[in-house]
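What follows is each chain in one-letter form.
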Amino acid sequence: MDAIISASSVIAAGLSVGLAAIGPGIGQGTAAGQAVEGIARQPEAENKIRGTLLLSLAFMEALTIYGLVVALSLLFANPFS
Amino acid sequence: MYINTLSLAEVEVGKHFYWYLSDELTVHGQVLIVSWFVLLLVISFSILGTQKIEQIPQGWQNFMEFVVEFIEDIAKNQLGPTYYKPWLPFIGTLFLFIFGCNWAGALIPWKLITLPEGELAAPTNDINTTVALSLLVSLTYFYAGLQKKGLGYFKRYLEPTPVLLPINILEDFTKPLSLSFRLFGNILADELTVSVLTMLVPLIIPLPIMVLGVFASSIQALIFSTLAAAYIAEAIE
C-alpha cells in the first residue's frame, strides 16, 4: 500500500468515528436527561420510559456505527490500496 | 489484514474459511457452520418445548411460552392487536435467529476450534448474513402491502405530496441499508472491542466490555425485529 494512501486512510478512519460520535452523543444525552426527568415526575411509568429510551438510544447509536463501518472498510477493505 | 502482537489473541477482519462449490461460487464456511449450529439450537428448543404439551405448562414448555409471549408483545406493539397474527412467525423467526447468532458468538468459546483460515464467530458479523436478513424484511413488507391493498399500495409514494416521490422511493433503499449496517456494525464492533482489549490486557479488564456486548447484542436483535414489524405495519396501515 502506498504510504500516502495508508496514512490518509488511518487519519480518515479516526476522523469518521470521532466526528460521527459527536451528534449521537449530544442526542443520547438529551434523551437520557429527558427520560430521567420523566421518571422523576411519574415514577410509575418507569418501565415504559426505559423501554422506549433503550430503543431510541440504539437508533442514535446506529449513526455512530455507520461511521465505524466506514472506518473499518477504510482500514481492512480499502478500495484504493 | 492481520495483527498479532502477543499471540494470546489476534484480530482478524476479512479472513474467511472459503468453501468452493464451483469455480465461481464460493461460500464463507465459518458463517455457515455457526448459523447451522444456531438453527439446530433454535429447532431443538422448539421441539423440546412442544413435545409434551400440558394445560399447566412446566419446564421447557413454560420457558418457550414465555419466549413466544415476549415476541407476541413486540409484534402487537407495532402491528396492533388485529393484524399481528399472520406476521408473528416471521418476526419471531428473525428475533430468535438473530438473538441466537449474537449470543452464540458472544458466549461460546469458538477460539478452541481452529480452522485452516478465518475463525468461528457470530454469523451476524458477516455483512452477507445481515444484508440477506434485511432484504427478506424488504420483500416481506412489499408483499404485505401488495396483499393488503393491491396496486393501491403504490399510492403511498405520492403522499403527502407528489413532490416527495424521489424521497419516498429512496426510503425503500435506505431501509435495508440501515437495517443491515446497524446489525453488522454493532456486532462487529463488539467483537473487535473485545479482541483488541484481550490483546492489550488478557485478564479481567475485558469482562465488563463482554457483558456490555452480550447486553447490546440482545438489544440489537430486539431492534431488528421491532423495526421489521414497524415496516410491515407502515405498509399495511
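For the structure given in this document, a descriptive report is provided here. (Residues numbered from 1 in each chain as written. Chains lettered and ligands numbered in written order. Predicted model: local features only at pLDDT ≥ 70, side-chain atom pairs only at ≥ 80, totals over all residues.)

1. Observations regarding the overall build of chain B
Looking only at helices and strands, one finds six helices and four strands in chain B. For chain B, the sequential pattern of α-helices and β-strands runs β-β-β-β-α-α-α-α-α-α. By residue count, 29% of the 237 residues in chain B fall in the buried class. Partitioning the contacts of chain B with sequence separation of at least 6, the portion at a separation of at least 24 is 65%. (Helix = DSSP H or I, 4+ residues; strand = E, 2+ residues; numbered from the N terminus. Buried ≥ 20, exposed ≤ 12 C-beta atoms within 10 Å, placed from the backbone. Contact = placed C-beta atoms within 7 Å.)

2. Brief notes about unusual backbone geometry
Residue and element names in this part refer to chain B. Despite not being glycine, I204 shows a phi value in the positive range, around 60 degrees. Looking at the element boundaries, I204 is found in the loop between helix 5 (165-200) and helix 6 (206-236). On the basis of neighbour counts, which here come to 7 C-beta atoms within 10 Å, the residue I204 falls in the exposed class.

3. A short note on the packing of helix 1 (residues 3-41) of chain A against helix 2 (residues 46-76) of chain A
Residues and elements named next belong to chain A. Interhelical geometry of helix 1 versus helix 2 gives an angle of 175 degrees and a closest axis separation of 8 Å. With respect to helix 2, the axis of helix 1 lies roughly antiparallel. Here the contact of helix 1 with helix 2 is composed, by residue class, of 22 nonpolar, nine polar and two charged. (Axes fitted to C-alpha atoms, helices over the stretch in contact; angles between N-to-C directions. Parallel < 35°, antiparallel > 145°, perpendicular 65-115°, else oblique. Nonpolar A, V, L, I, M, F, W, Y, C, P; charged D, E, K, R; others polar.)

Shape descriptors only; they carry no functional weight alone.
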